[in-house]
Amino acid sequence: DQQVKQNSPSLSVQEGRISILNCDYTNSMFDYFLWYKKYPAEGPTFLISISSIKDKNEDGRFTVFLNKSAKHLSLHIVPSQPGDSAVYFCAASRPSFTGKLIFGQGTTLQVKP
Amino acid sequence: EAGVTQFPSHSVIEKGQTVTLRCDPISGHDNLYWYRRVMGKEIKFLLHFVKESKQDESGMPNNRFLAERTGGTYSTLKVQPAELEDSGVYFCASSRWGQLDTEAFFGQGTRLTVV
């Protein structure tokens, strides 16, 4: 039973436009959410996170939105750049519990010049 | 500061053989996690060490997998005997203890292929 789902395996956008990556979760006990970016042959690198007490967190070109009632979060990248092309993983956690991460399947983002 | 390092980066072994993966976490990080990604699917949790103690090993697939972290520093993950379905990329991650906003740092992974 997959608790974190990224239903779009891939996304292609034009450089300079907005990229929106979506993620749904089923476990209402999750209280911390993260996005990781992964390039080929590298490990995932932390991008941005959000606590369940917030509905938005912004860091430069990256913004994460959390809709707890819908159990949905999204990552917005504005403006998108070719260097953003990577696999993006959504992850959920209960830091107060163990800190382990539950990942989605990943979405491959391609930003075209 | 050195990041999380994993050895080897690639391993190809035959079914039935034994393989040992190693992870060196960031110095001072008490938390150490093992994850696995199979066939481009989600990254799945395997187990979690706090220093040398196993905090959570609920994700370990079966008793062919053995993880150790002697002395609370580096960790090893042994697969014995390896099966075809064990193929995948094994990631190690580490983080500091006690900070709720801490994010885990991942190694580059070990790609294991069982033939």
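(A) Just the overall build of chain B, in detail. When you go through chain B residue by residue, the secondary structure sums to zero helices and eleven strands. If you list the helices and strands of chain B from N to C, you get β-β-β-β-β-β-β-β-β-β-β. Here the C-alpha radius of gyration of chain B, 13 Å, is about what a compact globule of 115 residues would show, namely 13 Å. Considered along the principal axes of its C-alpha atoms, chain B spans approximately 40 × 25 × 25 Å. Within chain B, buried positions represent 50% of all 115 residues. A separation threshold of at least 6 residues defines the contact pool for chain B, and within that pool the share at least 24 residues apart is 52%. Per element, the accessible surface of chain B, about 5800 Å² overall, is 48% carbon and sulfur. Distance between charge centres in chain B, computed from 13 positive and 14 negative side chains, equals 4 Å.

(B) Here's a closer look at the state of the cysteines. The final tally for this structure, using the stated rule, is two disulfides over all chains. Across the disulfide, Cys 23 of chain A is cross-linked to Cys 90 of chain A (sulfur-sulfur distance 2.0 Å). Classification of the bridge connecting Cys 23 of chain A and Cys 90 of chain A rests on its S-S torsion, roughly -70°, and on that basis the disulfide is left-handed. Of this pair, Cys 23 of chain A sits in strand β3 (residues 19-25) while Cys 90 of chain A sits in strand β9 (residues 86-93), and the two are 67 residues apart along the sequence. Across the disulfide, Cys 23 of chain B is cross-linked to Cys 92 of chain B (sulfur-sulfur distance 1.8 Å). For the disulfide bridge between Cys 23 of chain B and Cys 92 of chain B, the dihedral angle about the S-S bond is near -65°, and by the sign convention the bridge is left-handed. Of this pair, Cys 23 of chain B sits in strand β3 (residues 19-24) while Cys 92 of chain B sits in strand β9 (residues 88-95), and the two are 69 residues apart along the sequence. For the residue pair Cys 23 of chain B and Cys 92 of chain B, the accessibility class agrees, reading buried in each case.

(C) Spotlight on the interface of chain B and chain A. Counting residues at the interface gives 19 residues for chain B and 21 residues for chain A. When chain B packs against chain A, the two sides together hide about 1600 Å² of surface, and 61% of this comes from carbon and sulfur. Our enumeration of links across chain B and chain A arrives at one salt bridge. The salt bridge partner of Lys 100 of chain A is Asp 56 of chain B, with a shortest N-O separation of 3.3 Å. Summed over the shared surface of chain B and chain A, the result is five residue pairs in polar contact (both at pLDDT 80 or more).

(D) Spatial organisation of the pairing of strand β11 (residues 107-112) of chain A. All names here are of chain A. Residues Thr 107, Leu 109 and Val 111 of β11 are buried on one face, while the alternating residues Thr 108, Gln 110 and Lys 112, pointing to the opposite face, are not. Both strand β2 (residues 10-14) and β11 contribute to a ladder of five bridges, which runs parallel. Bridge pairing in β11 links Ser 12 to Gln 110. Bridging between β9 and β11 involves three bridges; their strand directions are antiparallel. Following the sheet pairing, Tyr 88 is matched in β11 by Thr 107.

How each quantity is defined
Residues numbered from 1 in each chain as written. Chains lettered and ligands numbered in written order. Predicted model: local features only at pLDDT ≥ 70, side-chain atom pairs only at ≥ 80, totals over all residues. Heavy atoms only, no water. Helix = DSSP H or I, 4+ residues; strand = E, 2+ residues; numbered from the N terminus. Rg over C-alpha atoms; globule rule 2.2 N^0.38 Å. Buried < 20%, exposed > 50% of the residue type's maximum accessible area, 1.4 Å probe, protein only. Contact = heavy atoms within 4.5 Å. Areas by Shrake-Rupley, 256 points an atom, 1.4 Å probe, with all protein chains shown as cover. Lys, Arg positive; Asp, Glu negative; His and termini not counted. Charge placed at Lys NZ, Arg CZ, Asp CG, Glu CD. Disulfide = S-S within 2.5 Å. Buried area = accessible area lost by both parts, 1.4 Å probe. Salt bridge = Lys/Arg side-chain N within 4 Å of Asp/Glu carboxyl O. Polar contact = N/O pair within 3.5 Å; in protein donor to acceptor, adjacent residues only side chain to side chain. Pairing = 2+ DSSP bridges.

Taken by themselves, the reported measurements are silent on function.
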